[in-house]
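# Chain and residue survey
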Amino acid sequence: MYKNLPLFGNFLDKACLTSCELDVLSDFAAANTLTATPKQVRSNLRHAREFFLRAGPIDPAAIGAASVEKYLSLLRGEGKSNKTLLNARGAISRLCSHLVRQKILAANPCAE
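Residues numbered from 1 in each chain as written. Predicted model: local features only at pLDDT ≥ 70, side-chain atom pairs only at ≥ 80, totals over all residues. Heavy atoms only, no water.

Attention now goes to the nonpolar core. Core analysis: the largest hydrophobic core is formed by 25 residues, its most contacted members being Phe 51, Phe 52, Ile 63, Tyr 71 and Leu 95. At the level of elements, helix H1 (19-32), helix H2 (38-55), helix H3 (65-77) and helix H4 (82-101) are the ones that each hand at least two residues to this core. (Core = buried A, V, L, I, M, F, W, Y, C linked by side-chain atoms within 4.5 Å. Buried < 20%, exposed > 50% of the residue type's maximum accessible area, 1.4 Å probe, protein only. Helix = DSSP H or I, 4+ residues; strand = E, 2+ residues; numbered from the N terminus.)

Now the structure itself:
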């Protein structure tokens, strides 16, 4: 599925992600293109990919508040700005909302 997304280039680097994560990101990117600008899609995908890489490996069905907070804590520890933290949290929330719509997650952990 992810092979059909040339627009996103190395965002879907197959060497670093599990096939399940790649499928989720590919599907998320395709669904995002319906409502977001290309720049927003790239940003959301970048944050979602980094979330999987740095807070994981994570089974998409097991994403919870703890894994989201772990990722945001990593960003805080690197001295990222509040705006970057909000952007990252928003992208992860959009990813989780997508997973809820796909019936992979029961609820969005970012909404808690």
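One pass over the structure, following the stated rule, counts 2 aromatic pairs. On the numbers, 5.7 Å between centres and 80 degrees between planes, the contact of Phe 51 with Tyr 71 is edge-to-face. One end of the pair, Phe 51, is in helix H2; the other, Tyr 71, is in helix H3, and 20 residues separate them in sequence. The pair Phe 51 / Tyr 71 is uniform in exposure class, with both members buried. A connected cluster of aromatic rings, assembled from ring pairs, spans Phe 51, Phe 52 and Tyr 71. (Phe/Tyr/Trp six-rings, centres within 6.5 Å; stacked < 30°, edge-to-face > 60°.)

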